[in-house]
Amino acid sequence: SAAEMGGYDYFMLKEIAEQPKAVADTLLGRIDPAGSLTLDEVRIPPRVLREVDKVVVVACGTAFHAGLIAKYAIEHWTRIPCEVELASEFRYRDPILDPRSLVIAISQSGETMDTLMALRHAREQGSRVLAICNTNGSTIPRESDAVLYTRAGPEVAVASTKAFLTQLVACYLVALYLGQVRGTKWGDEIRAVVRDLAEISGAVQRVLETMEPVRELARSLAGKDTVLFLGRHVGYPVALEGALKLKELAYMHAEGFAAGELKHGPIALIEEDLPVVVVVPSPRGRSVLHDKIVSNIQEIRARGARTIVIAEEGDEAVVPYADHLIRVPATPTLLQPLVTTVPLQVFACELATARGNEVDQPRNLAKSVTVE
Ligand code: AGP
């Protein structure tokens, strides 16, 4: 009803707007001011977590993209090897699992059959399963050893937005918690991340306040057939998520690529005026990545692409090569998906509207997929 939509035309718009609160709520009470994590609800004994020698994330769709990002955080902060797999592929390849494997099942609904079957398979092999879920009492958390709830509140629109951002927050918390329990040296970098995590909700809010040019751009592209998305490092899963949003909502051909793969094939797709969205990593810190993506942008632009560049405030190196520039606040590299995903959600939602599509109920899709 109109009342439930709180003055927004679509649930999706409302849910995009709720993201700063969803992110803040998901952090609430889980990090203390001194920077240590309290995740009592993760009822897997620290003794068991210390023994973990492999993390395996299983999920579908948008939740899978959150898992891809989790891998970067888990491996970087804890040095535990982490695999991420589509839940629908997982059990069919006879994965190597044992009691020392920690399986993380990510699901907004908690009812996705593919993810449920994957976690059942993992438990049969004696692995512990931690669910990251948005729906209290749903099947996936009930069948898991432990659950960390995201606190996005009910997500009604079929296209996942606020659930995704809170899944990322939950993944960061789990990664940091694993590090804490296992006694990872809490260097300056991790301390800075914990501090910035506490402020990330404000950064998401600032992104939301600057979205009008993104909406305008989206409307101007309503007649296009294809949009490509490029990213590196954690920007790569963000590119995949941007493409998925566009497929589900705008029914356009959209593909995400790792920018480094361009020269191995996808660059052949570039033609005059093709819109290409590029998610640019921070020029601070891992600046090699930044330099590489700037040359990727130059390469595609030289071949006629219309470049839509998402870059951190103050990143001047991208300016000469950006036909459209979308600014996001500076964050630590691993947290950047929390701000770079937001413009892609707004972009897809506006394109859907411009093309006359049903935003909250895209054709052929269901909010939760309870069949395999
Ligand atoms: C996201 O926009 C999609 N509608 C879809 O990919 C979704 O993320 C996927 O089906 C997983 O759902 P879940 O999080 O409820 O398990």
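Just so we're clear, the structure is a prediction, and the values are computed from it rather than from any experiment.

Caption draft 1: The overall build of the protein chain, seen in detail. For the protein chain, the helix and strand inventory stands at 13 helices and ten strands. For the protein chain, whose C-alpha radius of gyration is 20 Å, the value lies close to the compact-globule estimate of 21 Å for 372 residues. Judged by the C-alpha coordinates and their principal axes, the protein chain covers about 55 × 45 × 40 Å. Within the protein chain, the proportion of its 372 residues that are buried is 53%. A sequence separation of at least 24 residues applies to 75% of the contacts in the protein chain between residues at least 6 apart.

Caption draft 2: Geometry of the pairing of strand E2 (residues 82-86). As paired elements, strand E1 (residues 54-59) and E2 share five bridges and run parallel to each other. What sits directly across from Val57, in E2, is Val84. Once the chain exits E1 it traverses helix H4 (residues 61-78) before rejoining the sheet at E2, and the crossover so formed is right-handed.

Caption draft 3: Representation of unusual backbone geometry in the model. Of note in the backbone geometry, Asp94 takes a positive phi value of approximately 55 degrees without being a glycine. As for its placement among the helices and strands, Asp94 is situated in the loop between helix H5 (87-90) and strand E3 (101-107). Backbone geometry at Asp273 places phi at a positive 70 degrees, although glycine is not the residue there. Positionally, Asp273 belongs in the loop between strand E7 (253-258) and strand E8 (275-279). By C-beta crowding, Asp273 is classed as exposed, having 9 other C-beta atoms within 10 Å.

Caption draft 4: Here's a closer look at the sheet that holds strand E9 (residues 306-312). Here five strands make up an open sheet; going across it, the order is E7-E6-E8-E9-E10 and the pairing parallel. Of all strands in the sheet, those bounded by a partner on one side alone are E7 and strand E10 (324-328). When strand polarity is set aside, the average angle formed by the axes of neighbouring strands in this sheet is 20 degrees. Contacts from helix H11 (residues 235-250) reach strand E6 (226-231), E7 and E8 within the one sheet, and its direction differs from that of E7 by about 175 degrees. Against the sheet, helix H12 (residues 287-302) touches E6, E8 and E9, its axis set at about 165 degrees to E9.

Caption draft 5: Structural view of the site of the ligand. Near the ligand, the surroundings consist of 15 residues, among which Gly61, Thr62, Ser107, Ser109 and Thr112 are the closest. The element contributing the most residues to the shell around the ligand is H4, with three residues. Residue composition of the shell around the ligand, by class: five nonpolar, nine polar and one charged.

Caption draft 6: Molecular detail of the sheet that holds E2. A sheet is described by the order of its strands in space; here five strands give the open sequence E2-E1-E3-E4-E5, paired in parallel fashion. Lying at the two open borders of the sheet, with one neighbouring strand each, are E2 and strand E5 (146-149). Adjacent strand axes in the sheet meet at a mean angle of 20 degrees when their direction is disregarded. Of the pairings in the sheet, the one linking E3 to strand E4 (residues 128-133) comprises six bridges and is parallel in character. Within E4, the residue paired with Ile104 across the bridge is Leu130. Where H4 meets the sheet, its contacts fall on E1, E2 and E3, and the angle it forms with E1 comes to roughly 165 degrees.

Caption draft 7: Summary view of the environment of Leu148. When you line up the elements, Leu148 lands in strand E5. Judged by the 24 C-beta atoms lying within 10 Å of it, Leu148 is buried. Spatially, the C-alpha atoms of Leu148 and Val279 are 29 Å apart, while their sequence positions differ by 131 residues. Aside from chain neighbours lying at most four places away, what touches Leu148 is Leu39, Glu41, Val42, Leu130, Ile132, Ala170, Leu173 and Val174.

Caption draft 8: Layout of the packing of H11 against helix H13 (residues 337-354). Close contact between H11 and H13 brings their axes to 9 Å; oriented N to C, the two are set at 15 degrees. Viewed along their axes, H11 and H13 adopt a mutual orientation that is roughly parallel. In this structure, H11 meets H13 at a crossing whose hand is right-handed. Only Pro337, Thr340, Thr341, Leu344, Gln345, Ala348, Cys349, Leu351 and Ala352 of H13 make contact with H11, whose side of the interface consists of Gly235, Pro237, Val238, Glu241, Gly242, Lys245, Leu246, Leu249 and Ala250. Among the residues making up the contact of H11 with H13, the classes are represented as eleven nonpolar, five polar and two charged.

Caption draft 9: Layout of the environment of Trp77. Following the sequence through the fold, Trp77 ends up in helix H4. Distance in space between the C-alpha atoms of Trp77 and Glu358 is 41 Å, their sequence separation being 281 residues. Apart from residues lying up to four places away in sequence, Trp77 is in contact with Ala175, Leu176, Gly179, Thr184 and Ile190.

Caption draft 10: Summary view of the nonpolar core. Grouped together as the largest cluster of nonpolar side chains are 128 residues, with contacts concentrated most on Ala105 and Cys171. It is helix H8 (residues 162-182) that contributes the most residues to this core, 15 residues altogether. Once you skip the residues sitting within four places of it in the chain, Ala105 turns out to touch Val58, Ala59, Thr115, Ala118, Leu119, Val129, Ala131, Ile140 and Ser144.

About the criteria used
Residues numbered from 1 in each chain as written. Predicted model: local features only at pLDDT ≥ 70, side-chain atom pairs only at ≥ 80, totals over all residues. Helix = DSSP H or I, 4+ residues; strand = E, 2+ residues; numbered from the N terminus. Rg over C-alpha atoms; globule rule 2.2 N^0.38 Å. Buried ≥ 20, exposed ≤ 12 C-beta atoms within 10 Å, placed from the backbone. Contact = placed C-beta atoms within 7 Å. Pairing = 2+ DSSP bridges. Right-handed = clockwise from strand over helix to strand, strands pointing away. Axes fitted to C-alpha atoms, helices over the stretch in contact; angles between N-to-C directions. Near = placed C-beta within 6 Å. Nonpolar A, V, L, I, M, F, W, Y, C, P; charged D, E, K, R; others polar. Parallel < 35°, antiparallel > 145°, perpendicular 65-115°, else oblique. Left-handed = near helix turned anticlockwise from the far one by under 90°. Core = buried A, V, L, I, M, F, W, Y, C linked by C-beta atoms within 7 Å.

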